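Fold and contact review
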Amino acid sequence: MKPPGVSNSEAREIKYLRLSITDSCDMRCGYCVPHRTSIAHVADPLSSEEIALLVNAFAKNGVTKVRFTGGEPLQRPDVTGIISSIVGIPGIETVGLTTNGRYLKKLAANLAGAGMRRVNISLDSLDRKTFRLITGCDALNDVLDAIDAALGVFEKVKINTVVMRGINDREIPAIASLAMSLPVEVRFIELMPLGHSASEWDMMFVSASEIRRALGNIEPLPYSGDSSARMYSLNGGRSRVGIISPMSEDFCYGCDRIRVTSSGKLRPCLRLPVEEDIRPLLRDTELPARLGEMIGRLSHHKLPQASLESAVQAEAMCSVGG
Ligand code: SAM
């Protein structure tokens with residue numbers, strides 16, 4: 001289902017930067033850190049000064065929206081300073097962060113004070129045992145408290161749920177009902193086989209059409225172009241849920257995203273193992289121009305629809321940042 005008005009051949013204008021500021025995470029979600037392997041952590045992630053320099057250069061190249069991710073971005077002790085250093089950069093209109101929520105309650109007010117307006121919180125189960133099974137830790141209440149705290153201070157709060165057969169697929173209606181009881185947008189995400197074997201992924205994968213069936217009475221909303229999710233109204237139009245379907249439906253059309261990994265590599269596509277080291281540019285007096293060239297060069301790798309096979313080859317999400 002290609003979003004209306006978006007064509008294959010449209011030039012990709014990059015507006016949205018997803019920046020992984022650490023690959024370290026206190027949770028061990030099996031879909032993100034497959035087999036709960038220990039990831040070789042980047043010894044030297046980008047410093048806060050380097051991040052500010054880079055975001056400035058991205059803004060000069062047309063980026064208007066920045067999202068910090070990881071790993072777990074709230075594990076960076078300097079995360080509030082990072083946010084405040086980029087909030088005022090000319091051209092940057094939106095600053096957000098994606099978190100597992102465990103430490104968000106404590107940090108929410110400071111992050112909002114630093115100028116952050118949006119947060120996405122991962123929540124894959126409302127059942128304590130299942131939550132522990134998925135994440136490897138007993139933090140469901142911390143995450144639920146974090147959602148409350150976030151609603152008090154941020155303009156937009158979204159909840160992300162990766163759907164897995166036999167693990168949390170039965171909870172789709174219960175998790176969707178959060179969008180009825182709270183002013184949040186709930187988005188269900190198809191499992192991507194990043195770092196999984198094909199058979200492992202096959203067993204757990206739940207398609208967007210199955211998710212729609214489980215949601216029951218939903219109506220598609222017009223494509224806003226502002227999100228990777230297809231949005232639906234729920235509850236007679238009073239609530240909204242989204243489905244992010246990178247695997248079973250057209251997903252790449254009109255993608256305006258670019259990623260910087262925690263090790264400072266620029267990646268044009270989540271699914272393709274194509275990247276270039278951005279660090280050497282940081283010492284270049286012509287940083288914005290050099291970065292512009294690199295963005296242009298790598299953007300050519302963006303495909304109308306990146307293949308499933310390429311996703312299988314790509315590395316674990318915790319290194320790339322989701
Ligand atoms: N630690 C943060 C968190 O838990 O949200 C940020 C990093 S996480 C890599 C960012 C997003 O990627 C989360 O919404 C997570 O659910 C999603 N994600 C990770 N692995 C995935 C996979 N294999 N398939 C689909 N989404 C995935």
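Residues numbered from 1 in each chain as written. Predicted model: local features only at pLDDT ≥ 70, side-chain atom pairs only at ≥ 80, totals over all residues. Heavy atoms only, no water.

Further remarks concern the site of the ligand. Tyr-31, Gly-71, Glu-72, Ser-122 and Met-192 are the nearest of the 20 residues found near the ligand. A distance of 3.0 Å separates a nitrogen atom of the ligand from a polar backbone atom of Tyr-31. Computed on the free molecule, the ligand has an accessible area of 550 Å², of which 95% lies beneath the protein chains in the complex. Here the residues of the shell around the ligand are counted per class, giving seven nonpolar, eleven polar and two charged. (Near = heavy atom within 4 Å. Polar contact = N/O pair within 3.5 Å; in protein donor to acceptor, adjacent residues only side chain to side chain. Areas by Shrake-Rupley, 256 points an atom, 1.4 Å probe, with all protein chains shown as cover. Nonpolar A, V, L, I, M, F, W, Y, C, P; charged D, E, K, R; others polar.)

Moving on to helix α11 (residues 287-299). For α11, built from 13 residues, the straight-helix expectation of 18 Å at 1.5 Å per residue is met to within 8% by its first-to-last C-alpha distance of 18 Å. Turning to α11, its buried residues are Leu-287, Leu-291, Met-294, Ile-295, Leu-298 and Ser-299. In a view along the axis of α11, the buried residues occupy a sector of 125°, so they form one face of it. Close packing links the buried residues of α11 with α1 (48-60), β10 (257-260), β11 (265-267), β12 (276-277) and α10 (279-282). (Helix = DSSP H or I, 4+ residues; strand = E, 2+ residues; numbered from the N terminus. Expected span 1.5 Å × (residues − 1). Buried < 20%, exposed > 50% of the residue type's maximum accessible area, 1.4 Å probe, protein only. Arc of directions from axis to C-beta. Contact = heavy atoms within 4.5 Å.)

This paragraph deals with the pattern of salt bridges. Across all of its chains, the model carries 14 salt bridges by this definition. Here Glu-185 ties to Arg-240 by a salt bridge, and the two come within 3.5 Å at their closest N and O atoms. Residue Glu-185 is located in strand β6 (residues 185-190), and its partner Arg-240 is located in strand β9 (residues 239-244); the two are separated by 55 residues in the primary sequence. Residue Glu-293 is joined to Arg-290 by a salt bridge in which the shortest nitrogen-to-oxygen separation is 2.9 Å. Here Glu-293 pairs with Arg-290, and both are found in helix α11, just three residues apart, close to one helical turn. Its relative accessible area of 27% is what places Arg-290 among the partly exposed residues. One network of salt bridges, in which partners are shared, links Asp-44, Glu-50 and Arg-279. (Salt bridge = Lys/Arg side-chain N within 4 Å of Asp/Glu carboxyl O.)

Taken in spatial order, the twelve strands make up an open sheet running β7-β8-β9-β6-β5-β4-β3-β2-β1-β10-β11-β12, and their pairing is mixed. Because the sheet does not close on itself, it has two edges, and the strands there are β7 (219-220) and β12. The strands that helix α5 (residues 140-153) touches are β4 (118-122) and β5 (156-163); relative to β4, the one it contacts most, it runs at about 165°. In the packing of helix α9 (residues 208-215) onto the sheet, contacts are made with β5, β6, β8 (230-234) and β9, and the angle to β9 comes to roughly 160°. (Pairing = 2+ DSSP bridges. Axes fitted to C-alpha atoms, helices over the stretch in contact; angles between N-to-C directions.)

Now for the pairing of strand β3 (residues 94-99). Burial analysis of β3 places six of its six residues in the buried class, the great majority of the element. Here β3 shows no split at all, with Thr-94, Gly-96 and Thr-98 on one side and Val-95, Leu-97 and Thr-99 on the other all buried. Across four bridges, strand β2 (residues 65-69) lies against β3 in parallel orientation. Bridge pairing in β3 links Phe-68 to Leu-97. Taken together, β2, helix α2 (residues 79-87) and β3 form a β-α-β motif whose crossover is right-handed. This β-α-β element, β3 to helix α3 (residues 104-113) to β4, shows right-handed connectivity. (Right-handed = clockwise from strand over helix to strand, strands pointing away.)

All right, on to the packing of α3 against α5 then. Interaxial distance between α3 and α5 falls to 8 Å at its minimum, and their mutual angle equals 15°. For the element pair α3 / α5, the angle class is roughly parallel. When the axes of α3 and α5 are compared, the crossing they make is right-handed. Contacts from Leu-104, Lys-105, Ala-108, Ala-109 and Ala-112 of α3 reach α5 at Asp-145, Ala-146, Ala-149, Ala-150 and Val-153. Counted by class, the contact of α3 with α5 contains eight nonpolar, no polar and two charged residues. (Parallel < 35°, antiparallel > 145°, perpendicular 65-115°, else oblique. Left-handed = near helix turned anticlockwise from the far one by under 90°.)

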